[in-house]
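The primary structure of each chain is shown beneath.
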2 protein chains.
Amino acid sequence: MLSNQLHNGLETAKLLWSRIPNSEAGEVDGGSLLRNSNRNTVESLDYEVIENYAYREEQAQRGKLYVGYYVAVKWFLALLIGIGTGLAAVFINISVENFAGWKFALTFSIIQRSYFAGFVIYVLINLILVFSSVYIVTHFAPAAAGSGIPEIKGYLNGLDIHGILLFRTLIGKIFGSIGSVGGGLALGKEGPLVHTGACIASLLGQGGSSKYHLSLRWLQVFKSDRDRRDLVTCGCAAGVAAAFRAPVGGVLFALEEVTSWWRSQLMWRVFFTSAIVAVVVRTAMGWCKSGKCGHFGSGGFIIWDTSDGQEDYSFEELLPMAVIGVIGGLLGALFNQLTFHITYWRRNYLHKKGNRVKIIEACLISVITSAISFGLPLLRKCNPCPESDHDSGIECPRPPGMYGNYFYCGKDKEYNDLATIFFNTQDDAIRNLFSAKTIHEFSAQSLLTFLVMFYTLAVVTFGTAVPAGQFVPGIMIGSTYGRLVGMFVVNFYKKLNVEEGTYALLGAASFLGGSMRMTVSLCVIMVEITNNLKLLPLIMLVLLISKAVGDAFNEGFYEQQARLKGIALLESRPKYQMRNMMAKEACRNQKVVSFPRIVKVADAVSILQSNLHNGFPVIDHVRNGETLVIGLVLRSHLLVLLQSKVDFQHSPLPCDPAGVSKSIRHNFSEFVKPVSSKGISIEDIHLSSDDLEMYIDLVPVLNPSPYVVPEDMSLTKVYNLFRQLGLRHIFVVPRASRVVGMITREDLLIEDSEDSASVELHSTSVRGHRQYSMISRNVDVERPLLNGLLLQDHMLG
Amino acid sequence: MLSNQLHNGLETAKLLWSRIPNSEAGEVDGGSLLRNSNRNTVESLDYEVIENYAYREEQAQRGKLYVGYYVAVKWFLALLIGIGTGLAAVFINISVENFAGWKFALTFSIIQRSYFAGFVIYVLINLILVFSSVYIVTHFAPAAAGSGIPEIKGYLNGLDIHGILLFRTLIGKIFGSIGSVGGGLALGKEGPLVHTGACIASLLGQGGSSKYHLSLRWLQVFKSDRDRRDLVTCGCAAGVAAAFRAPVGGVLFALEEVTSWWRSQLMWRVFFTSAIVAVVVRTAMGWCKSGKCGHFGSGGFIIWDTSDGQEDYSFEELLPMAVIGVIGGLLGALFNQLTFHITYWRRNYLHKKGNRVKIIEACLISVITSAISFGLPLLRKCNPCPESDHDSGIECPRPPGMYGNYFYCGKDKEYNDLATIFFNTQDDAIRNLFSAKTIHEFSAQSLLTFLVMFYTLAVVTFGTAVPAGQFVPGIMIGSTYGRLVGMFVVNFYKKLNVEEGTYALLGAASFLGGSMRMTVSLCVIMVEITNNLKLLPLIMLVLLISKAVGDAFNEGFYEQQARLKGIALLESRPKYQMRNMMAKEACRNQKVVSFPRIVKVADAVSILQSNLHNGFPVIDHVRNGETLVIGLVLRSHLLVLLQSKVDFQHSPLPCDPAGVSKSIRHNFSEFVKPVSSKGISIEDIHLSSDDLEMYIDLVPVLNPSPYVVPEDMSLTKVYNLFRQLGLRHIFVVPRASRVVGMITREDLLIEDSEDSASVELHSTSVRGHRQYSMISRNVDVERPLLNGLLLQDHMLG
């Protein structure tokens, strides 16, 4: 009787669970990692399972129309993410350009009278901007510090780091970036833009921020963890697309660098988002060209069109280009190592002392940066402009009326080479470094000075409590030594068609490759920002070398920073040591805490209090004292059951197995993970002593078939299973005593019937169909193509 | 005693197997699908497992130097694939252009005297070319017929279709393409180029073709199935890159359309290959510009630079563009349906009658095509050229000296609009259709005639026994109706800045989208071939619509063709019906055939003869009559054991467990799958009656831990497991009675030690390390970042 009831109950649970596609696959684990660490920063994602079920149920109830609505909202959200990220990027750029432009214009006008007064004004403006940035970050949005890419990477790998996708983080990131970049620090706005895109995506997916009463109910169809991750992936791609105006590069960046799981269906939507961003940015820039955006003109966005650069390259140039790759690898690896140590020191000593220290630190660095960028160009003399010649296209780097390229030199036909890169906005500086037809615009001495100083500043600046990207500093460092090598090549090979700007571009690629170790996406981004497909093979050569050189020393920049922040990423490949380990060994120091099928409330509470596990096996006793593992129950679901109390029963016997719907007394949205809170904790639950004497039947909420592995399976295999399917829990079980069947490829080739939606509830017709395909398989086949033709007969018939 | 020995033996096997990374993951099943179908066309891939082991052993023996060599060869092969595919593409293009150019020039000179003689010559030349193509294919390389993309897709999905990657197929594909495309049939050379790239990759990976004594031993390091698949993926991308000169598009095509498994490590190598192709093609074209390649000039490669096309688009143009999308979806879906039916009829009736029918069919179609393309333009009158005007850039489509655009009109300043697209090489025709600044170059009547005739021809031609791609016909069909819509827009909106060429481009994108249902890769390819990033949002809009419209009617072109050819692809998502099914149901009509641990040779032979399964569970009896599933043994490995006989033993007791190396008497390369033969069959094995009385211990060759699923697991989950990990066999076992442990994310976060290579054989030090990380996990953590910092202390220390 009891076992019969169990059987029925299991059938029920199975029925529920079997309707959930990918109920385990695609779910992502985060919580268990941090079982032992502080639960405030990182929490569990264990909600998807029932949520997914609830969602599908809901969907099934509302029918096809709802599915259409769901798909439409998906695409509409992609559109909104694109527009939002594009507008955020435009806003940041316009603000930065205007602040910086105004700052330089003011300083320039004052130094006509007094250098010292100009210096004071320059330092003060920078200080104010940086202070506002660091103040916003420390007091309002602590998660907005840094680039945000390691955190997003962690989130998409399955970790839910508290606070990174909140509305306040978004605001902090946008205004913090404006302050820190506008304030002239040696950092960029690209990483923060990726984070901004991810925040926008996440907030839109939640239908707005509930805390600030901005939520829209009709957008709240994305309750599953996978949908949210997909949106954040779109947001990342949008961020890169906005930062570099590189839609294809954005997609590839999201694919290569950020996501851990990728579905080809997602790619199209990500690409759509990126294209929308490109349209928005282009439209805004077109609108601004007429002068409506103040100082924001052609600049502001990283787009350096070097299509008038070097057309062809000779074989002997490959050697200096390879040298650039080696330098990039070395300097990039050194950069990673230095920032790692400094960030480590900051985290452990400096930033422990509170926000005041963080603010003082950022302000100090701002003053030093201002002093260097103002003072160093003073030591250089002004050079006369080269002969302006329309045919050769040689131009003075300081044309009248051009924003940027201010400084010092009183006469119109003179310029200060160090000032054009140091005392300038980043974008104009890079444009000068990349410029073609400007042989010997810069002296080697200036470039070397800039390289050393800027490298040091970039290392020191990274890790302060302001939003900080590493792309632009990387490009500036790289293009400086690239140009140095280019100058050497021009002198050595005595060729006129060698362009220093091309070498600067290759240098930039090499440094980014040596530091971040991106490959395809970096290549495509460099091609898109320079709009010159011909340089692709050269960029690739340089990247191949610099990545290989860098890999010989240490990990990539984002991986190191993630490690430093305690973001433990599950890599796509198992570790080498796992080859010699078994599944059993991986969990040998755990005591497995299991639940019986019908559990007394008091027992359930004490089990939940006694440990921090997020999932528990449910084990039932059948006849002759044998036990049977009947499934997995999640802590979060148990807590919901305990809190609502509606499932409590007086008898320790199974609930009525016939009434599935009765046994599920919950609105399933109760099981959905709350958007920005931490969910229920065991401490929040208050039960009377009567309640504690009651029982709960766990069958309705358990997952009846979690993935299992035999105890002596190689850990490499277990890792692949866990990682590829994005699991949270795997049961390690003893070896089986018999094999019931074998599943091979042919068993899984079930033909999809034309009207799969209509047969949804008629499982008999599905079975019939299935039998059909089985019969067709068993026919003795003479012709090789019969298999296909049988299927096709069916299709045509 | 016996059970002890078993234990030792299992330990041994485990030791061997646990060292194999991804021993199941990444392996691909093909054989079992066709267990019941003809074994001549499709065969098993079941060799990777031991092969992988053998390979790793070899590697371990040779040490680090060998690993370096292996990586170097990998990249060197990518280089070779790029160069080879690039050269093949150049060769095909030069040949086609020269044959076609010579053909048109000759015809043109003859029709000055006699139209009839010109017609005869034209038909004859086409006939000879097509005949040579169909003769090569039917008599020499049957696998070279068609586009080859469905087959390659099937191969990368895990099917090994006989003959598609042979040297003769490569030759047949190259020369067949030259004949069929040069002969003026309504088909393209892009699909065949993808197949060519895949063949080159596969042959290079094998170190050449052993049949033709072209094999190189030093290249034969790629014995595992995964390495071969990776190379073929590179080849596919190279083919697309060569066909369209679109390196990024090639990578995305391989990613989106062709592969089933994708690793980000592979992406960089694929991209490298594509870039090499671009360099080779560019170099060859630069070399040919000086006139060294005959008729092959700027043409030949699909590269239509419409960067001088429409700069901007107005909002009201979006409606006609959406109309183009709808037309594309409808015509594309219709195209798929028609080709499906015709190809079905051909396969089942026409082509059954032998090669003679195939040849006659192709020749007949050639004559009809020639007659239409020669005859129809005759019905149109010649138009005077528009006023040549350097400022407006309007040009006559028949400039003197330009190859292509021949025909009829005696006077220099006249042209025949139908002839410029019909009586022309494909590339010149497309260039004419895409041309900007040519409002009303074509009459609506001509375009409509061409559309109807060419559409019909393309439908009829596809499926004949010649190499045939669908890209170029698709582009021609699409650009024709696109231009028609463009003409309507010009007339309706009365705007001069609307370019018909832009609409033609959008039309081409819409037809390809409606037929092939590619998205991102098609978008990028269109952008790369037109070199105009500004059109990206428009192309995307059109593709979104046409794909959605097409999907409402049927599957994509390649999927339909694959189904027709009996290539059953395992899709990335489980079927809907699987939600209601259990693992047990998927294999319910199978009788599980299992082996005991020590099997009598006679029994083994009779089991192998009695069925066609490729894998068998091995079940051992332990104390008290209980049984234990100890692993999976593959048919192919059993056959090797039976053939070599060295493992035969007289006693039915386990072989000496201490001497692992003794028990492995084989050179493991015996277990490696032969490159282009079918492997051993049970009929090939001849055993004496003495042999039949002996025993084999299966422990050394079995896979001790195949993946298992409980019998009542949802089939959706089983499918995901099978598909995501690329498995061949899953054991369905009863539910477990207890849980030994749980594996969660944290259990798999083992820190990689710096010198993982050196600890390879010192498992104790690995254990020590492991214990370290376990201790660190169990410390009660106060600070959220301690976890990361502990790891990092270790790193720094």
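Chain A carries the name Chloride channel protein in an unreviewed UniProt entry, which gives Salix brachista as its organism. We quote the UniProt Sequence similarities (unreviewed entry) comment for chain A here in full: "Belongs to the chloride channel (TC 2.A.49) family." In its Subcellular location (unreviewed entry) section, the UniProt record describing chain A reads: "Membrane".

**Q** What is the right way to look at the overall build of chain A in this model?
**A** Within chain A, the secondary structure is distributed over 28 helices and 12 strands. Across the 797 residues of chain A, 63% fall into the buried class. Look at the contacts in chain A between residues 6 or more apart in sequence, and 79% of them connect residues 24 or more apart. Surface accessibility of chain A: about 28800 Å² in total, with carbon and sulfur atoms responsible for 60%.

**Q** Please clarify how the pattern of salt bridges should be interpreted in this entry.
**A** When the charged atoms of two side chains lie near each other, side chains of opposite charge can form a pair. All chains considered together, the criterion is met by 26 salt bridges over all chains. Across the salt bridge formed by arginine 597 of chain A and aspartate 697 of chain A, the nearest N and O atoms sit 3.0 Å from each other. With a gap of 100 residues between them, arginine 597 of chain A in the loop between strand 5 (595-596) and strand 6 (598-600) and aspartate 697 of chain A in strand 9 (residues 695-697) connect regions that are remote in the sequence. In this structure arginine 597 of chain A comes out as buried when scored by relative accessible area, which is 3%. A residue is classified by how much of its surface remains accessible, and aspartate 697 of chain A, at 6% relative accessible area, is buried. In this structure, glutamate 257 of chain B and lysine 153 of chain B form a salt bridge, with 3.4 Å as the shortest nitrogen-oxygen distance. On the criterion of sequence distance, the pair formed by glutamate 257 of chain B in helix 9 (residues 247-258) and lysine 153 of chain B in helix 5 (residues 149-157) is long-range, its members being 104 residues apart. One exposure class covers both glutamate 257 of chain B and lysine 153 of chain B, and it is buried.

**Q** When you look at the nonpolar core in this model, what are you seeing that I'm missing?
**A** Within soluble globular proteins, side chains that are nonpolar generally end up buried alongside one another. Membership of the largest hydrophobic core comes to 280 residues, with the highest contact counts inside it found for Phe271 and Ile539 of chain A together with Phe271 and Ile539 of chain B. With residues near it in sequence (within four places) discarded, phenylalanine 271 of chain A still touches Pro247, Val248 and Val251 of chain A together with Val520, Cys523, Val524, Leu536 and Met540 of chain B. Core analysis: the second largest hydrophobic core is formed by 42 residues, Leu570, Val709 and Leu748 of chain A together with Ala583 of chain B among them.

**Q** For this particular structure, what's the right way to read the confidence of the model for chain A?
**A** It should be kept in mind that the predicted coordinates are not to be read in detail where pLDDT is low. Residue and element names in this part refer to chain A. Summing up the model confidence of chain A, the mean pLDDT is 76 and the portion of residues at 70 or higher is 73%. Counted against residues more than four places away or in other chains, residues 1-6, with its pLDDT under 50, gives nine contacts. As a predicted assembly, this complex carries a pTM of 0.81 together with an ipTM value of 0.79.

**Q** Teacher, can you tell me more about the pairing of strand 8 (residues 627-634) of chain B here?
**A** Two faces, one strand: in a regular strand the side chains alternate between the faces of the sheet. Residue and element names in this part refer to chain B. Burial analysis of strand 8 places six of its eight residues in the buried class, the great majority of the element. Bridge analysis of strand 7 (residues 615-621) against strand 8 gives seven bridges, and the strand direction is antiparallel. Bridging from a neighbouring strand, aspartate 620 pairs with leucine 628 of strand 8. The loop that links strand 7 with its antiparallel partner strand 8 comprises five residues; one of these, asparagine 624, has a positive phi angle of about 45°.

**Q** I'm lost on the sheet that holds strand 5 of chain A in this one. Help?
**A** Note on sheets: strands pair through backbone hydrogen bonds, and any given pair is parallel or antiparallel. Taken in spatial order, the three strands of this open sheet run 5-7-8 (chain A), and their pairing is mixed. The strands lining the two open edges of the sheet, one partner per strand, are strand 5 and strand 8 (627-634) of chain A.

**Q** Teacher, can you tell me more about unusual backbone geometry here?
**A** Generally, phi is negative for residues other than glycine and the peptide bonds are trans, each holding for most cases. The phi dihedral of arginine 245 of chain B is positive, around 50°, even though this residue is not glycine. In this structure, arginine 245 of chain B sits in the loop between helix 8 (225-244) and helix 9.

**Q** It is not clear to me how the sheet that holds strand 11 (residues 730-733) of chain A should be interpreted in this structure. Could you clarify?
**A** Pairing within the open sheet is mixed, and its three strands lie in the order 10(A)-11(A)-12(B). One side of each edge strand has no neighbouring strand; the edge strands of this open sheet are strand 10 (708-710) of chain A together with strand 12 (741-743) of chain B. On average, each strand axis in the sheet is tilted by 35° relative to the strand beside it, whichever way the strands run. Sheet analysis places strand 10 of chain A next to strand 11 of chain A, joined by three bridges and oriented parallel. Considered in strand 11 of chain A, the bridge of valine 708 of chain A is made with phenylalanine 731 of chain A.

**Q** Would you mind going over the packing of helix 22 (residues 601-610) of chain B against helix 23 (residues 635-644) of chain B with me for this structure?
**A** Packed helix pairs are characterised by how far apart their axes lie and by the angle those axes make with each other. Residues and elements named next belong to chain B. Between helix 22 and helix 23, the shortest axis-to-axis distance is 11 Å and the interhelical angle comes to 140°. Of the possible angle classes, the one that applies to helix 22 and helix 23 is oblique. When you trace helix 22 past helix 23, the crossing you get is left-handed. On helix 23, the residues that touch Val601, Val605 and Leu608 of helix 22 are Arg635, Leu638, Leu639 and Leu642.

**Q** Before we go on, may I ask you to explain the UniProt feature "transmembrane region" (unreviewed entry) in chain A in this structure?
**A** Under the present numbering, the feature "transmembrane region" (unreviewed entry) in UniProt falls on residues 66-94, 114-137, 231-254, 266-285, 318-339, 447-465, 471-493 and 505-529 of chain A. With 79% helix and 0% strand, the stretch residues 447-465 of chain A has end C-alpha atoms that lie 29 Å from each other.

**Q** Would you mind showing me how to read the state of the cysteines here?
**A** In a disulfide, the sulfur atoms of two cysteines are held together by a covalent bond. Residues and elements named next belong to chain B. Counted by the stated rule, this structure contains zero disulfides over all chains. In this model cysteine 236 remains outside any disulfide bridge; the closest cysteine sulfur is found in cysteine 234, 9.4 Å from its own. With a relative accessible area of 1%, cysteine 236 lands in the buried category.

**Q** Just to check I follow, could you spell out the environment of isoleucine 327 of chain A for this structure?
**A** All names here are of chain A. Inspection of the secondary structure assignment puts isoleucine 327 in helix 11 (residues 318-350). Classification of isoleucine 327 by relative accessible area gives partly exposed; the value is 26%. Ignoring anything within four residues of it in the chain, the contact list for isoleucine 327 reads Gly332, Tyr481 and Val485.

**Q** How should the side chain of lysine 173 of chain B be read in this particular structure?
**A** Residue and element names in this part refer to chain B. If you trace the backbone, lysine 173 turns up in helix 6 (residues 167-182). It is glutamate 151 that comes nearest to the buried, bridge-free lysine 173 among opposite-charge side chains, at 6.3 Å. Within the structure, lysine 173 has its side chain in polar contact with the backbone oxygen of glycine 146 (distance 3.0 Å). Aside from chain neighbours lying at most four places away, what touches lysine 173 is Ala143, Ala144, Ala145, Gly146, Ser147, Gly148, Pro192, His195, Thr196 and Pro467.

**Q** What's the story with the environment of tyrosine 707 of chain A in this structure? I'm lost.
**A** Tracing the backbone shows tyrosine 707 of chain A in the loop between strand 9 and strand 10. On a C-alpha basis, the gap between tyrosine 707 of chain A and asparagine 611 of chain A in space is 23 Å, while along the polypeptide they are 96 residues apart. Among the polar contacts made by the side chain of tyrosine 707 of chain A, one reaches the main-chain carbonyl oxygen of lysine 717 of chain B at a distance of 2.6 Å.

**Q** I'm lost on the packing of aromatic side chains in this one. Help?
**A** To describe a pair of aromatic rings, you give the distance between the ring centres and the angle between the ring planes. All names here are of chain A. If you walk through the whole model with that rule in mind, you get 40 aromatic pairs over all chains. Arranged with centres 5.8 Å apart and planes meeting at 70°, the rings of phenylalanine 91 and phenylalanine 175 form a pair that is edge-to-face. Taken together, the residues span a long stretch of sequence, with phenylalanine 91 in helix 3 (residues 64-111) and phenylalanine 175 in helix 6 (residues 167-182) at a distance of 84 residues. With relative accessibility at 38%, the residue phenylalanine 175 sits in the partly exposed group. One cation-aromatic arrangement involves lysine 103 over phenylalanine 104; the distance from NZ or CZ to the ring centre is 4.9 Å.

**Q** Mind showing me how you'd approach helix 4 (residues 115-139) of chain A here?
**A** For an α-helix the count is 3.6 residues per turn, leaving residues at separations of three or four pointing the same way. All names here are of chain A. Spanning 25 residues, helix 4 covers 35 Å between terminal C-alpha atoms, matching the ideal 36 Å at 1.5 Å per step. Every buried residue of helix 4 is listed here: Gly118, Tyr122, Val123, Ile125, Asn126, Leu129, Val130, Ser133, Val134, Val137 and Thr138. The residue sitting at the N-terminus of helix 4 and contributing the capping side-chain oxygen is serine 114; that oxygen lies 3.2 Å from the backbone nitrogen of phenylalanine 116.

**Q** What is the right way to read a nonpolar patch on the surface from this model?
**A** All names here are of chain A. Taken together, Phe116, Val120, Leu124 and Ile128 make up a surface patch of nonpolar side chains, about 400 Å² in accessible area. Locating valine 120 in the fold gives a position in helix 4. On the accessibility criterion, valine 120 (32% relative accessible area) is partly exposed.

**Q** Please explain the packing of helix 6 of chain A against helix 7 (residues 190-205) of chain A as it appears in this structure.
**A** Residues and elements named next belong to chain A. Between helix 6 and helix 7, the least distance of the axes is 9 Å, while the angle of their chain directions is 150°. The angle between helix 6 and helix 7 places the two elements in the roughly antiparallel class. In terms of crossing hand, the pair formed by helix 6 and helix 7 is left-handed. For the pair helix 6 and helix 7, the contacting residues are Phe167, Thr169, Leu170, Lys173, Ile174 and Ser177 in the first and Pro192, His195, Thr196, Cys199, Ile200 and Leu203 in the second. Considering only residue class, the contact of helix 6 with helix 7 consists of seven nonpolar, four polar and one charged.

Rules behind the numbers
Residues numbered from 1 in each chain as written. Chains lettered and ligands numbered in written order. Predicted model: local features only at pLDDT ≥ 70, side-chain atom pairs only at ≥ 80, totals over all residues. Heavy atoms only, no water. UniProt positions renumbered as here; feature names shortened; annotations may be inferred. Helix = DSSP H or I, 4+ residues; strand = E, 2+ residues; numbered from the N terminus. Buried < 20%, exposed > 50% of the residue type's maximum accessible area, 1.4 Å probe, protein only. Contact = heavy atoms within 4.5 Å. Areas by Shrake-Rupley, 256 points an atom, 1.4 Å probe, with all protein chains shown as cover. Salt bridge = Lys/Arg side-chain N within 4 Å of Asp/Glu carboxyl O. Core = buried A, V, L, I, M, F, W, Y, C linked by side-chain atoms within 4.5 Å. pLDDT = per-residue confidence, 0-100. Pairing = 2+ DSSP bridges. Axes fitted to C-alpha atoms, helices over the stretch in contact; angles between N-to-C directions. Parallel < 35°, antiparallel > 145°, perpendicular 65-115°, else oblique. Left-handed = near helix turned anticlockwise from the far one by under 90°. Disulfide = S-S within 2.5 Å. Lys, Arg positive; Asp, Glu negative; His and termini not counted. Polar contact = N/O pair within 3.5 Å; in protein donor to acceptor, adjacent residues only side chain to side chain. Phe/Tyr/Trp six-rings, centres within 6.5 Å; stacked < 30°, edge-to-face > 60°. Lys NZ or Arg CZ within 6 Å of the ring centre and 35° of its normal. Expected span 1.5 Å × (residues − 1). Patch = residues over 30% accessible without salt bridge, like charges linked within 9 Å, V, L, I, M, F, W, Y side chains within 5 Å. Nonpolar A, V, L, I, M, F, W, Y, C, P; charged D, E, K, R; others polar.

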